Amino acid sequence: MSMFKSVIFALAALVASGAGAAELPQASAVPGGVAVVPLGAAGKVLEAHYADHRVLVTRSGNGWVAVVGIPLQTSIGAHELRVVRDGREERLSFQVAPKQYATQHLTLENKRMVNPYAKDMPRIIAEQRRARTVFTTWRDASPSQLRFAAPVDGRNSGTFGLRRFFNGEPRKPHSGMDIAAPTGTPVRAPVPGRVTETGDYFFNGKTVFLDHGQGLVTMYCHLDSIDVQVGDEVDAGQIIATVGATGRVTGPHLHWTVSLNGTAVDPALFLLPAEMAAVAGEE
Ligand SMILES: [Zn+2]
């Protein structure tokens, strides 16, 4: 290869691995994972929809990709993405592969957190509705990053997707990542966002929701204190709260949910590689 050609080759490699590509979440097209679906280079107005929800679309290299959250309870096999390009509709298909998640048994002394009283139900249902609204609200603003630092320094004490039993009774699978840390440890926004909801929830305890744009929403639960208010715009690294043990917990930790197109997905797929090693611990 001539010097000229090898310089061109090196430049091309740089462009191919350039800004956009490096910032995508780790692709893992499994239930609870993230599919990265190439949309090609053409088209000015691009919109993608999956299962009735609008999907995050971003630049990658010279083209566009859809970054699709896949529900934990989804079927294996071919799934369809509806793409609107310059006013015309296309259908793109992507494959979802199987994944087995481990089982976790937890013991709670507060039995009301396993089987709430009848009088707790209106509150629980209202909180689920509010969370649903926050997770499914679309904002056109694009997230500034799709790879981030962990929101708290600590040990991964519960991975996403664990099939859970509380006091021997089956409950919903684990919808986020647990990071164990002492009460009072600062929780930092991993990526800039807008505070769209805070509250003291029955199961989730004191909770903050951040909307990062294009359907990327993160949630921070079991907090001791909340240091932000609805409407605040927060920067990456800004302290938003402290770790606590409020709600349904066995000890102080942060429960961190990452949601795309209204679907909770594995937060580990969004961590920078160095961060992944830092929180890698027991399951
Ligand atoms: Zn959790």
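Now for a description of the structure that goes with this document. (Residues numbered from 1 in each chain as written. Predicted model: local features only at pLDDT ≥ 70, side-chain atom pairs only at ≥ 80, totals over all residues. Heavy atoms only, no water.)

## Focus: helix 3 (residues 121-135)
- Along its 15 residues, helix 3 runs 21 Å from first to last C-alpha, staying within 8% of the 21 Å computed at 1.5 Å per residue.
- Listed in full, the buried residues belonging to helix 3 are Ile124, Glu127, Ala131, Val134 and Phe135. The buried residues of helix 3 occupy one face: seen down the axis, they fall within an arc of 95 degrees. Residues of helix 3 that are exposed and point over 90 degrees away from its buried face: Pro122 and Arg129.
- Turning to helix 3, the residues buried within the fold contact strand 13 (193-201), strand 14 (205-213), strand 15 (216-226) and strand 18 (253-260). (Helix = DSSP H or I, 4+ residues; strand = E, 2+ residues; numbered from the N terminus. Expected span 1.5 Å × (residues − 1). Buried < 20%, exposed > 50% of the residue type's maximum accessible area, 1.4 Å probe, protein only. Arc of directions from axis to C-beta. Contact = heavy atoms within 4.5 Å.)

## Observations regarding the layout of surface pockets
- Computed from the structure, the largest pocket encloses a volume of approximately 1,300 Å³.
- Forming the boundary of the largest pocket are 44 residues, of which Lys172, Pro173, Ser175, Asn204 and Arg248 lie nearest the centre.
- Taken together, the elements giving at least two residues each to the lining of the largest pocket come down to strand 7 (103-106), helix 3, strand 9 (163-166), strand 11 (177-180), strand 15, strand 18 and strand 19 (263-265).
- Considering every element that reaches the lining of the largest pocket, the biggest residue donor is helix 3, with seven residues.
- When we break the lining of the largest pocket down by domain, the ones giving at least three residues each are domain 1 (23-96) and domain 2 (103-279). (1 Å grid on protein atoms, 1.4 Å probe; cavity = no way out; pocket = protein on both sides within 12 Å on 5 of 7 lines; lining within 4 Å. Points joined across faces, edges and corners; volume = space filled by probe spheres on them. Domains from an automatic or database assignment.)

## Considerations on the sheet that holds strand 10 (residues 169-170)
- Read from one edge to the other, the open sheet built from three strands follows the order 7-9-10, with strand pairing classed as mixed. Two strands bound the open sheet, and with one partner strand each, they are strand 7 and strand 10. (Pairing = 2+ DSSP bridges.)

## Points about the pattern of salt bridges
- If you walk through the whole model with that rule in mind, you get twelve salt bridges.
- Between aspartate 140 and arginine 54 there is a salt bridge; the shortest N-O distance is 3.8 Å. Here arginine 54 lies in strand 3 (residues 53-60) and aspartate 140 lies in the loop between helix 3 and strand 8 (155-158), a separation of 86 residues in the sequence.
- The exposed category is assigned to aspartate 140, whose relative accessible area is 57%.
- Salt-bridge contacts for glutamate 89 lead to arginine 82; the nearest nitrogen and oxygen are separated by 3.3 Å.
- By relative accessible area, which is 45% here, glutamate 89 ends up partly exposed.
- Residues joined by salt bridges that share partners form a network here, namely Glu80, Arg82, Glu89 and Arg91. (Salt bridge = Lys/Arg side-chain N within 4 Å of Asp/Glu carboxyl O.)

## Considerations on the nonpolar core
- In terms of nonpolar packing, the biggest core is built from 35 residues, with Val187, Ile240 and Phe270 touching the most fellow members.
- Among the elements of the structure, strand 4 (63-69), strand 11, strand 14, strand 15, strand 17 (239-243) and strand 18 are those that each provide at least two residues to this core.
- When residues of this core are assigned to their parent elements, the largest contribution, four residues, is made by strand 18.
- Dropping the residues within four chain positions of it, valine 187 is found in contact with Pro151, Val152, Tyr220, Leu223, Gln238, Ile239, Ile240, Ala241, Thr242, Val243 and Leu254.
- In terms of nonpolar packing, the next biggest core, distinct from the first, is built from 16 residues, Ala66, Ile70, Phe94 and Val96 among them. (Core = buried A, V, L, I, M, F, W, Y, C linked by side-chain atoms within 4.5 Å.)

## Remarks on the packing of aromatic side chains
- Considering all chains together, one arrives at seven aromatic pairs under this definition.
- Relative to phenylalanine 209, the ring of phenylalanine 135 lies with its centre 5.4 Å away and its plane at 65 degrees, an arrangement referred to as edge-to-face. On the criterion of sequence distance, the pair formed by phenylalanine 135 in helix 3 and phenylalanine 209 in strand 14 is long-range, its members being 74 residues apart. Comparing phenylalanine 135 with phenylalanine 209, the two get one shared label, buried. (Phe/Tyr/Trp six-rings, centres within 6.5 Å; stacked < 30°, edge-to-face > 60°.)

## Remarks on unusual backbone geometry
- The backbone phi angle of asparagine 167 is positive, close to 50 degrees, even though this residue is not glycine.
- Given a relative accessible area of 31%, asparagine 167 falls into the partly exposed group.

## A look at the side chain of glutamate 197
- Position of glutamate 197 relative to the elements: it lies in strand 13.
- When its relative accessible area of 11% is taken as the criterion, glutamate 197 is described as buried.
- Within polar-contact distance, the side chain of glutamate 197 engages the side chain of arginine 130 at 2.7 Å.
- Not counting the four nearest positions on each side in its chain, glutamate 197 is found in contact with Arg130, Val134, Thr207, Val208, Phe209 and Val230. (Polar contact = N/O pair within 3.5 Å; in protein donor to acceptor, adjacent residues only side chain to side chain.)

## Quick look at the sheet that holds strand 3
- If you walk across this open sheet you meet the six strands as 1-4-3-2-5-6, and the pairing is antiparallel. Single-partner strands in this sheet number two, and they are strand 1 (34-40) and strand 6 (88-96). Here the strands of the sheet are splayed against their neighbours by 35 degrees on average, with no regard to which way each runs.
- Pairing of strand 1 with strand 4, which is carried by six bridges, proceeds in the antiparallel orientation. Note on strand 4: the bridge partner recorded for valine 36 is valine 67. (Axes fitted to C-alpha atoms, helices over the stretch in contact; angles between N-to-C directions.)

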